[in-house]
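# Structural overview
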Amino acid sequence: MSDVKNIMIVGVGGQGTLLTSRILGGVITTAGFDVKLSEVHGMAQRGGSVVTFVRYGKKVAEPIVEEGQADVLIAFERLEALRYKHFLKKDGVIIVNDQRIDPMSVVTGAAEYPEGIIEALKEKHKVIACDAMGEAKLLGNPKVFNVVIIGVAARQMSFEKNEWINVIEKTVPAKTIDINLTAFEKGWEIGGTI
């Protein structure tokens, strides 16, 4: 069973977790692995937690990642990284978009957004944090921040760069290929400096 790798993608509704999992699944399939994808939605509307499990290996029986089993946790927002950190293996890595999105409980005043999340995570885990949203805005399209994160995460996986590029070209809408490839390159560059 140890030949199975587990990746979790966590974010907030509307952030592009489904596209991210499709790109990741495409790269894994291209590399010749068996892959299982599973999505778990909190609130269906934008703003609720969305979790995607990606499991791959020679043969994968089920799509769900158990607590303490994730090799990589890709978080599109700081609080989501904190919320799902218990799924990470001891030697796993958290890749987090250093962005704050207030959940409804914070917006309504029922709760406070925790301070120092990334610092707290770094005390017990390997954490790679980047401002993917800031980078995407600099590229002129905030929607591609998830592909910036994919580029950063790709550096933590053993797939060839050209495999990622080929799958992104086939997966994203045709009119967005150029901006998505630019976003991936930016993430790849950031991932190589961390």
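The coordinates are above.
What comes next is a walk through the structure. (Residues numbered from 1 in each chain as written. Predicted model: local features only at pLDDT ≥ 70, side-chain atom pairs only at ≥ 80, totals over all residues. Heavy atoms only, no water.)

### Description of the layout of surface pockets
Over the atoms, a rolled probe matching the size of one water molecule traces out where space is still vacant. The space that makes up the largest pocket amounts to roughly 340 Å³. In this structure, the largest pocket is lined by 18 residues; those nearest its centre are G16, L19, K143, V144 and N146. Elements supplying a minimum of two residues to the lining of the largest pocket: α1 (17-30), α6 (145-154) and α8 (177-193). Counted by class, the lining of the largest pocket contains seven nonpolar, eight polar and three charged residues. (1 Å grid on protein atoms, 1.4 Å probe; cavity = no way out; pocket = protein on both sides within 12 Å on 5 of 7 lines; lining within 4 Å. Points joined across faces, edges and corners; volume = space filled by probe spheres on them. Helix = DSSP H or I, 4+ residues; strand = E, 2+ residues; numbered from the N terminus. Nonpolar A, V, L, I, M, F, W, Y, C, P; charged D, E, K, R; others polar.)

### With respect to the nonpolar core
If you look at the biggest cluster of nonpolar residues, it comprises 38 residues, and the most contacted ones within it are I7, L24, I74, I95, M157, W164 and F184. The element best represented in this core is α6, accounting for eight residues. The residues touching I95, leaving out its near neighbours within four places in the chain, are V72, L73, I74, A75, I128, I149, V152, A153 and Q156. Judged by nonpolar contacts, the second largest core, of 21 residues, contains F53, A75, Y84 and I94. (Core = buried A, V, L, I, M, F, W, Y, C linked by side-chain atoms within 4.5 Å. Buried < 20%, exposed > 50% of the residue type's maximum accessible area, 1.4 Å probe, protein only. Contact = heavy atoms within 4.5 Å.)

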